[in-house]
Each structure stands twice: as C-alpha cells, then as structure tokens.
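A closer look at the structure
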Amino acid sequence: MSSSSNNVVTDKMRQAIADYLPRYPSKQAVTLPALHIIQDEMRCVPQRAIEEVADMLELHPSQVHDTLSFYGFFRHEQTPLGQHRLWVCRSLSCMLRGGEQLLVELSKKLGIKPGETTPDGKVTLEFAECLGKCEGAPCVLMDDECHGDQTVDSVIALLENTASTLGQRSWAGGHHG
Amino acid sequence: MADSDLALLARINKPDSQSLVGYLADGGYESFKKALSMSPNEVTDLVKNSGLRGRGGAGFPCGLKWTFLPKDHPGPIYMCVNADESEPGTFNNRILMEMDPHQLLGGIMLACRGTRATTAYIYLRYEYGRSFRTLEKAIAECYAQGLLGKNIQGTDFSLDIYVHRGAAAYICGEETGLIESLEGKRAWPRVKPPFPAIEGAFRKPTVVNNVETLCCVKHIFDRGISWFQSIGVPPDPNNPRDAGSYGPKLYQASGHVNRPGCWELPLGVTARELIEEQAGGVWKGRQAKAVIPGGLSTGFMTHAELDTPLDFNGPGKVGCLGLGTAAAVIIDDQTSMVDVLYNSCRFFAHESCGQCTPCREGTTWMTKILHRIRTGHGALRDLDLLKEVADSMGIMPGTTICGLADGAAWPVKNAMQKFRPEFEDYIQKKLTSQDPIRELVGTH
Ligand SMILES: Cc1cc2nc3c(=O)[nH]c(=O)nc-3n(C[C@H](O)[C@H](O)[C@H](O)COP(=O)(O)O)c2cc1C
Ligand code: SF4
Ligand code: FES
C-alpha cells in the first residue's frame, strides 16, 4: 500500500478500504465501499481521491469516475455535504401525505434549496425517491437513518438533537472469522 | 392470520428478535443444521416442490431457478441477496432485516447449501442504515458461533456472507444491474441471455433472490411443504402454465388509509380485504379512486376492481402488470390522477439508467407531457401521445434491456385506459397543479 504525505486519502481510510479487498474476487468491486468510506470522512470525493482509489484498486481513474458519476449520491469537491445529509421523500406514498410540502417548508425554514448546504455547514437538504418506509409517510432520511411521520417541527428538532456523528462512522470491512 | 399462524413476522415484536440468543431460543438454525446432512440436490428439490415463487416482483419459481445453475461446476458459485428494495410503496424487506436478521441469514444459509454457493452478498440499499447495522451484528454473531465461515459445524460446507451497500439507485434492484453495481461498475442491466445462473457476478454462476423469498425458504424447511401449500392459492386447473400462489405473503398498504402497515397474510387476499380489514379503511371517510396493487410499476386498479385477489394471477386479469411486491398504494377520490401519474413518470425518468433510448427518452417525454398538461397547456392529443410512448417502451414490445421501462409504461397505460375521462376533463377545463419541487430545483 503506497502512502505519501500529499495523499488526500489518509492511512486510516486506506486501511478501511484495504480491509474490504478479501471479500471480493476482484479489486474493482471495492469501488463503492471505497467511495463510501471517503465521502463519509471528507463529505465529498475529490478528484485526487478518485486517482488514489484507482491506484489502490488497479483501475484507471476514469473507471472509478464512471462508477461514481452514475450514482447521484457522491459529491464533487466543489459542493461537499454538510455535517448531516437530510433527504426528504417525494415519491408517491409520501406525496399523498404531504411529502412535497414538507420539502418546500424545510427548504424555506433552512433557507436553502434541495441540493444546497446551510451556510454554517450543518445540513445538506435533498429530495429522495421512496425511502422504503412508506407506512410512515411523510419520511425523511437523516444520514442513513429513516424517520417517519415527520413535520417541519419534528425534523428541525431531529436536526438539533442529532449530535454530529462525524468521525464516529464505522466501516468495518474485513474477512470474517 | 392469527398471531400463532404467523411465520415471517412471528418474531418481530419480541424484545430480543434481533439477537442470536433469542433466535436460538426459538429453535432457529435447527433446520440449517438438518440441511447440512442433506445433499444440495435434496435441498433444492424441497424448495422446488414447495412451489415457492420469488417475492421480488417477477414471481419466478425459486427452486426451479436454482436448477438452472450448471451441474458439477467447479465453483465459485455466488448468491446475491436482493435487498435493494426501492419500488415505491414497498417496505417489507426492511422490516424483515431490521427486526429479525437471523431469519434472513438462516434462509441464505439454506439457499447456499442448495445452490452450492460459498459466498453470499447481501446487496443492501444505502438508505437502510439500520438494516445494515443490524445485519452486520447478526453476521458477526454467526461467525462467533461457528454458523458461518470454514467447515461449518464440522462439515465440508463453508460459507461467507457479506453486506454490500448501494448508493441510492433504484436500478440496482434489477438483478443484473445489481451484479454490475456489486462489481464496482455503473448499474447498467445486462442483456440476457446469458442469465445470471450461467454467467452472473464476477462472470460466475449466480443466483439472485429477494429477502422475503429467502425468509420463506427458512420456514419451508422448518414446517414442511404441506404447511406451505396449505396457505394461499393452488394452481389454476384450467391454466397448465400456472405455478400457483402458495404460501404466506407480506402485504403492505400505504397512502390514503387509516392504518398504513405491513401484514403477513395468505396469498390471494383481495385489495378490499387488505384495505378494510388490515389498513383500517380509506382515510377521512373517503372512497378509494385507484389502488396500486404491488408497487408503482404495477399500474392502477379502479374502485370497481377492488375485489381482485392479490395473488400472482389476479392483478394481471384486470390489466395490471402483476402482483409485483404486493405493496398497495391507496389513492382517495379527492386526489387528481394527473398528479399521481406525473409523480410516477417523474420517478421512472429519474431512475432510468439511460442505457436504452426508448426508456431514457420515453420516461423523460412522458414526464414533460404531463408537466405540460399540469401547467394548463395540454391538448387532448397529448393523451394519445402518452399512450403511444408507453406502448413503445419495455421488454414486452422488445425495445429495452430491462423491465424498468415496462414498469414506467404500465401506470401510463392503465391511466389512459381506466381514467382517461378525468385527464380529458383536466385538459379541457385547463386545470393546473403546482410542482413545488420543480419550482425549487428545476427538472430532475
Ligand atoms: C427495475 C427493476 C427493479 C427491481 N428491483 C428489485 C428490488 O428492489 N428487489 C428485488 O428483490 N427485486 C427487484 N427486481 C426484480 C429482480 O430483477 C429479480 O427478479 C429478483 O430479485 C429475483 O428474486 P426472487 O426470484 O426471489 O423474487 C427488480 C426488477 C426490475 C426490472
Ligand atoms: S430499460 Fe431503462 S433502466 Fe432498463 S436498461 Fe434500459 S434504459 Fe436502463
Ligand atoms: S414513498 Fe416515501 S418512503 Fe416510500
């Protein structure tokens, strides 16, 4: 594993990525785990990180970029995520119970449009397609935890009560047993 | 079903439903240990003879799919567990994984015994963070107890199970899109054949099964084929190709009902029973104008079609795409079908992988046409145009690689066939609807 001082992917991230390698018969399969690890820590996937991941997985950077850009999920370094990512569901079951309105009101309350981050860097607002919790419509996803039966007030309370979990996220890779 | 008859949801309200200790106390993994003394062919035959059909949407006979794997393959053979659950309206896999992870792991182990797979990847949609953490914990418990890993329980059977997280894309639920995504590529579905059983993940023979399907496998081993076939609907004697609709099914209801939720019921309950007896009826004392029987892709049933049994044949008989995921979405009589159809088209346009022109362009154009109608600029001929576009896209007309396009077209076809007067009225009166999200972010 090569590591030099001007790398943006830290040794800790490199180790977490390397831990995924034994799980798959190809290195390329570690692309998504690697991108998740990087974005969780850095709140985006910088171009430099794409090159470093390509290096680690023996791919051309364009292959990593091709995969990354297919999923609207990963952020460019010019538009990093805030500390938290708040997705509001706009799909049918939620729409039927006020999901779109919830998104509009949250957008007003936070003073940002979907896709944008509050100036204090605390939260990025997004729309989502069905979050798989339609029994609780309207739903929001805070980072990767879904919350049902939401109102503007309950979402704002949720934001205030969710302590920053940055640095506490764990990506335990590795070969079990 | 009475609580004592439940299988799939029997444990979910127990306080220790997630732990291995709780699972073992309920007799879990006994059937797996028993299966270790059976040959893979015996395991597969049992599942085949049960009549279990896939719960992920297509209803393909489960054991039969396993027999498509090449005989005497040197390996490796892979099992991919489809936990991408993203069909709007669908949430039963999430409940199974969050509340009873060992039930799923037990089903995976049996399936791997039957298919000779030695590695299983659970492809889990990113949004299911709670499922992720629950499954990771449960898997670690199994390794610690010698239920996973090398030479399980002193036999020659070895198995690893890994959770692979997606990145918020519906198309990763299509089985070959899933495989491409697992391999670290863009999730472009593959042209079939070859089917995954011959050439799947990492170019090796692969079986893809849904979470609920695999949970059913576990109970077929626990309770036997006669139990499984005592539930649901036997094959139609007048239709030699019907494989029947046996077993319990997790039905879901969301939208305009008093008690949205998920229930384990015998296959074949009617939409009306689901709404009235389980979901507490339509909210606000209203009537159902339309019901989506099994996730957005399956199209619409009208109020007059509510007595349709939701088994593998019923929805098709009233022109819907199929049973899908048995996820009913109830739409009340105060809601505009123009708005509902727009929401549907927008979803599929957003989620099309863009590989096939009829799907990429068709989903976009249907959304644009509906937007035009909703801003008061529609013409009656737009309805013919919608139908024409919908009829031209999908596996069925033979113009696309995967079924997303059929699922995108179906709600449009059903709406034009069953609700056309409402659309005509909307256009002629120059009614309009707002799209608050479009106003915020433009077309996405
Ligand atoms: C666009 C599209 C999305 C799909 N999404 C899912 C999904 O999220 N989960 C699932 O189990 N099957 C999904 N399927 C069906 C799978 O391709 C496949 O048939 C299924 O996973 C097989 O499992 P089963 O036989 O156990 O049902 C989807 C199919 C299409 C065409
Ligand atoms: S039908 Fe649509 S989603 Fe499926 S492969 Fe073609 S473009 Fe992609
Ligand atoms: S439609 Fe919003 S969670 Fe399913």
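Residues numbered from 1 in each chain as written. Chains lettered and ligands numbered in written order. Predicted model: local features only at pLDDT ≥ 70, side-chain atom pairs only at ≥ 80, totals over all residues. Heavy atoms only, no water.

1. Some words on the overall build of chain B
The secondary structure content of chain B amounts to 18 helices and 11 strands. For chain B, the C-alpha radius of gyration of 22 Å lies close to 22 Å, the compact-globule estimate for 444 residues. Within chain B, buried positions represent 63% of all 444 residues. Summarising the internal contacts of chain B: among those between residues at least 6 apart in sequence, 69% fall at separations of at least 24. Split by element, the accessible area of chain B, about 15,900 Å² in all, is 51% carbon and sulfur. (Helix = DSSP H or I, 4+ residues; strand = E, 2+ residues; numbered from the N terminus. Rg over C-alpha atoms; globule rule 2.2 N^0.38 Å. Buried < 20%, exposed > 50% of the residue type's maximum accessible area, 1.4 Å probe, protein only. Contact = heavy atoms within 4.5 Å. Areas by Shrake-Rupley, 256 points an atom, 1.4 Å probe, with all protein chains shown as cover.)

2. Considerations on the overall build of chain A
When helices and strands are tallied, chain A shows seven helices and four strands. When the elements of chain A are put in sequence order from the N terminus, they spell out α-α-α-α-β-α-α-β-β-β-α. In chain A, buried positions account for 58% of the 177 residues. Just so you have it, chain A exposes about 7,200 Å², and 49% of that area is on carbon and sulfur atoms.

3. As for the sheet that holds strand E4 (residues 145–147) of chain A
Working definition: the strands of a sheet are paired by backbone hydrogen bonds and lie parallel or antiparallel to each other. Residues and elements named next belong to chain A. In spatial order, the strands read E2-E1-E3-E4; together these four strands make up an open sheet with mixed pairing. A strand with exactly one partner marks an edge of an open sheet, and here the two such strands are strand E2 (123–128) and E4. In this sheet, adjacent strand axes meet at a mean angle of 25° when their direction is disregarded. Alignment of strand E1 (residues 84–89) against strand E3 (residues 140–142), held across three bridges, turns out to be antiparallel. Bridged to Leu86 within E3 is Met142. (Pairing = 2+ DSSP bridges. Axes fitted to C-alpha atoms, helices over the stretch in contact; angles between N-to-C directions.)

4. Describing the domain arrangement of chain A
One can read the domain layout of chain A as domain 1 (11–71) and domain 2 (84–161). Just the C-alpha atoms count here: the centres of domain 1 of chain A and domain 2 of chain A sit 28 Å apart. (Domains from an automatic or database assignment.)

5. Examining the site of ligand 1
All names here are of chain B. Of all residues adjacent to ligand 1, which total 18 residues, the nearest are Gly56, Asn82, Asn209, Asn210 and Thr213. Taking Gly56, its main chain carries an N or O atom lying 2.7 Å from an oxygen atom of ligand 1. The side chain of Asn82 places a nitrogen or oxygen atom 2.9 Å from an oxygen atom of ligand 1. For ligand 1, whose accessible area on its own is 610 Å², the fraction buried by protein is 88%. For the shell around ligand 1, the element with the most residues is strand E4 (residues 206–210), which contributes three residues. Looking at the shell around ligand 1 residue by residue, the classes come out as three nonpolar, nine polar and six charged. (Near = heavy atom within 4 Å. Polar contact = N/O pair within 3.5 Å; in protein donor to acceptor, adjacent residues only side chain to side chain. Nonpolar A, V, L, I, M, F, W, Y, C, P; charged D, E, K, R; others polar.)

6. A look at the pairing of strand E7 (residues 248–255) of chain B
All names here are of chain B. Taking burial as the measure, the eight residues of E7 include eight buried ones, the bulk of the element. Neither face of E7 is exposed, since Pro248, Leu250, Gln252 and Ser254 on one face and Lys249, Tyr251, Ala253 and Gly255 on the opposite face are all buried. Alignment of E7 against strand E8 (residues 261–266), held across six bridges, turns out to be antiparallel. Across the sheet, Tyr251 pairs through a bridge with Trp263, a residue of E8. Linking E7 back to E8 in an antiparallel pair, the connection comprises five residues. With four bridges connecting them, E7 and strand E11 (residues 327–332) associate as parallel partners. Bridge assignment links Ser254 to a residue of E11, and that residue is Val329.

7. Some thoughts on helix H8 (residues 175–182) of chain B
Summarising burial for H8(B): seven of the eight residues are buried, a large majority. For H8(B), the complete set of buried residues consists of B:Thr176, B:Gly177, B:Leu178, B:Ile179, B:Glu180, B:Ser181 and B:Leu182. Those residues of H8(B) hidden inside the fold are in contact with helix H2 (31–42) of chain A together with strand E1 (78–83), strand E2 (119–124), strand E3 (160–165) and E4 of chain B. At the C-terminal side of H8(B), B:Gly184 shows a positive phi close to 90°.

8. Concerning the sheet that holds E7(B)
All names here are of chain B. In space, the five strands of this open sheet follow the order E8-E7-E11-E9-E10, with mixed pairing throughout. One side of each edge strand has no neighbouring strand; the edge strands of this open sheet are E8 and strand E10 (301–302). Inspection of the sheet shows strand E9 (residues 288–292) paired to E10 by two bridges, in the antiparallel sense. Looking across to E10, one finds that Val291 is bridged to Met301.

9. Looking at the confidence of the model for chain B
Averaged over chain B, the pLDDT score is 96; the fraction of residues at 70 or greater is 100%. Both scores are given for the predicted complex: the pTM is 0.96, the ipTM 0.96. (pLDDT = per-residue confidence, 0-100.)

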